Amino acid sequence: MDLSEIKNAIDASNTAFEEFKKINDARLAKIEAGKGDDGDLKAKMELAFKDMEEQKKLLHVIETKLARPALGADGKPINEAEVEHKAAFGKFMRKGVDYDREIERKALNIGSGPDGGYAVPKEIDAAITAFAVNISPIRSLAQVVQIGTSDYHKLVDVRGTSSGWVGQTAARSSTNTPQLADVAPPMGELYANPQATQQMLDDVFFNAEAWLSESVATEFARAEGAGFVNGTGITQPRGFLQYTNVATADATRAFGSIEFVNTGASGAFATVSSTVNPADIFYTCVSKLKAAYRAGSTWVMNKGVLFTVMGFKDNGGRYVYSPMTAPGTTDTLLGYPVVEAEDMPALGANSYSIAFANFKLAYLIVDRMGTRVLRDPFSNKPYIGFYTTKRVGGGVVNSEAIKLIKFI
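Residues numbered from 1 in each chain as written. Predicted model: local features only at pLDDT ≥ 70, side-chain atom pairs only at ≥ 80, totals over all residues. Heavy atoms only, no water.

Here we come to the overall build of the protein. For the protein, the count of helices and strands is twelve helices and 17 strands. In the protein, which comprises 408 residues, the proportion classed as buried is 44%. Taken as a whole, the protein presents about 21000 Å² of accessible surface, with 54% of it coming from carbon and sulfur. (Helix = DSSP H or I, 4+ residues; strand = E, 2+ residues; numbered from the N terminus. Buried < 20%, exposed > 50% of the residue type's maximum accessible area, 1.4 Å probe, protein only. Areas by Shrake-Rupley, 256 points an atom, 1.4 Å probe, with all protein chains shown as cover.)

The following block contains the structure:
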């Protein structure tokens, strides 16, 4: 597998998008000519879009395989303690053989914790994180901090300091003092309990470690993706859509609330006319974000909304959406990357279906160090459960670095 396969997949995706644009141009021409929206052309658009989606999925698979490192491929010598820990963990999974906690301590430099269980070896824990990035896009966009305690706080300077101009001998009056806000991202315990029979574990061809990491990672990633977008903040992260949203500018908006711009149409984009362009809402949204935050900002929406956005043009007749054109690039909207997140809401009355944010500055994810596993051969015979837990939190730390589009 090499870069030529990626290039071929990108070319196929771009060809599919060009076909999509041709069909859409014909559909728009009919609408402008007063002949109405051609249902047949719309059906062809959907087929072209599905073809483009298939090409993107293939490209994603290829890039994921190329990016997945082999054992020891980080350029560093393999740690003997980690190898010993992994072997002992494998025996623990397959046979329930207890092993010396000193092996775990040497490999991970963390204790077992009073709650029992064994720390997942670094290689498996890294695999869990890698899967989570691929499935949960918010984790790959946000700032992630590893912590050793569940009580994590971050101080945020809300810039309350003031200043003034004075003459050489004029009196200097007191100025306002800086204001620091204490932000504590809500945390919760994420768990999964995959089951396997002892016969499966005894089979030498059954890769128990890979099975555990894939099973747990998929479920953790699904739950994380939902939590970082819509989490309630009660025993789970607080999603960025669960904060107070107001149509107020940064200068006067309360700390912690998020600004939105509205489309002016309930559950839809504005209707195109001689004076209205539905794509204008994207320019408005970008303009609301301070220049310092725009570099590194990303659009986030689900696939259905993205399909609608693909058909929009600016006032110069250019499509505002552009597909990836080379390895290492991504789809863009007005030049900013677009990431699909299926946990974002579909178009609906009062829905916040599109976010534009510098997530590295706006949203903080906190991971309690280590993923732990308890082996349970008793609760569900003949199955053996692997009760796997991880402490995860998340919350908005800079509400100025995120803007929402509301469909009202």
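Having seen the structure, we can now continue with the description.
Nonpolar side chains collect at one region of the surface, where Tyr191, Leu374 and Tyr387 lie side by side and expose about 290 Å² of accessible area between them. Along the polypeptide, Tyr191 turns up in strand E5 (residues 187–192). By relative accessible area, which is 52% here, Tyr191 ends up exposed. (Patch = residues over 30% accessible without salt bridge, like charges linked within 9 Å, V, L, I, M, F, W, Y side chains within 5 Å. Salt bridge = Lys/Arg side-chain N within 4 Å of Asp/Glu carboxyl O.)

Time to look at the pattern of salt bridges. Applying the stated rule across the entire model yields 13 salt bridges. Lys21 is the salt-bridge partner of Glu18, the closest N and O atoms lying 3.1 Å from each other. With Glu18 and Lys21 both in helix H1 (residues 3–32), this residue pair falls three residues apart, about one helical turn. On the basis of relative accessible area, Lys21 is assigned to the buried category, the value being 18%. Arg222 is the partner of Glu219 in a salt bridge, and the nearest nitrogen-oxygen pair spans 2.6 Å. Highlighted residues: Glu219 and Arg222, both in helix H8 (residues 208–230), separated by three residues, approximately one helical turn. Take Glu219: its relative accessible area is 31%, and that puts it in the partly exposed class.

What follows concerns the nonpolar core. In a soluble, globular protein the nonpolar side chains are often hidden away together inside. Counting residues in hydrophobic clusters, the biggest one holds 61 residues, and the most contacted among them are Phe240, Phe282, Trp299, Met301, Ile354, Leu404 and Ile405. Beyond its immediate chain neighbours, meaning those up to four positions away, Met301 contacts Leu306, Val309, Leu333, Val338, Val339, Glu340, Ala341, Met344, Ser353 and Ile354. Tyr118, Ile128, Ala217 and Phe220 belong to the second largest nonpolar core, which has 21 residues in total. (Core = buried A, V, L, I, M, F, W, Y, C linked by side-chain atoms within 4.5 Å. Contact = heavy atoms within 4.5 Å.)

All right, on to the confidence of the model for the protein then. Counting all residues, the mean pLDDT for the protein is 83, and 86% of those residues have values of 70 or more. With pLDDT under 50 throughout, residues 68–75 is counted as low confidence; its partners more than four residues away or in other chains account for three contacts. (pLDDT = per-residue confidence, 0-100.)

Once that is clear, we can look at the environment of Gly233. Here Gly233 is to be found in the loop between H8 and strand E7 (245–246). Accessibility expressed as a relative area gives 22% for Gly233, which makes it partly exposed. The spacing of Gly233 and Pro186 is 47 residues in sequence and 5.4 Å in space, taken between C-alpha atoms. If we ignore the near neighbours within four places in the chain, the residues touching Gly233 are Pro186 and Arg238.

With that out of the way, let us pick up the sheet that holds E7. Read from one edge of the open sheet, eight strands run E7-E8-E17-E13-E9-E12-E11-E10, paired in mixed fashion. Only two strands of the sheet have a single neighbouring strand rather than two, namely E7 and strand E10 (321–322). Running over the sheet, helix H9 (residues 280–288) touches strand E8 (258–262), strand E9 (298–301), strand E11 (332–333), strand E12 (336–340), strand E13 (351–357) and strand E17 (402–407) and is turned about 160° from E8. (Pairing = 2+ DSSP bridges. Axes fitted to C-alpha atoms, helices over the stretch in contact; angles between N-to-C directions.)

Moving on, we get to the packing of aromatic side chains. Two aromatic rings are characterised by how far apart their centres lie and by the angle between their planes. What the rule picks out here adds up to 17 aromatic pairs. Centre to centre, the rings of Tyr336 and Phe356 are 5.1 Å apart; their planes meet at 75°, and the pair counts as edge-to-face. Taken together, the residues Tyr336 in strand E12 and Phe356 in strand E13 connect sequence positions 20 residues apart. For Phe356, a relative accessible area of 0% translates into the label buried. Through pairs of rings, three or more aromatic residues link up here, namely Phe269, Phe282, Trp299, Phe312, Tyr336, Phe356 and Phe407. The ring of Phe260 carries Lys406 above its face, with NZ or CZ at 4.9 Å from the centroid. (Phe/Tyr/Trp six-rings, centres within 6.5 Å; stacked < 30°, edge-to-face > 60°. Lys NZ or Arg CZ within 6 Å of the ring centre and 35° of its normal.)

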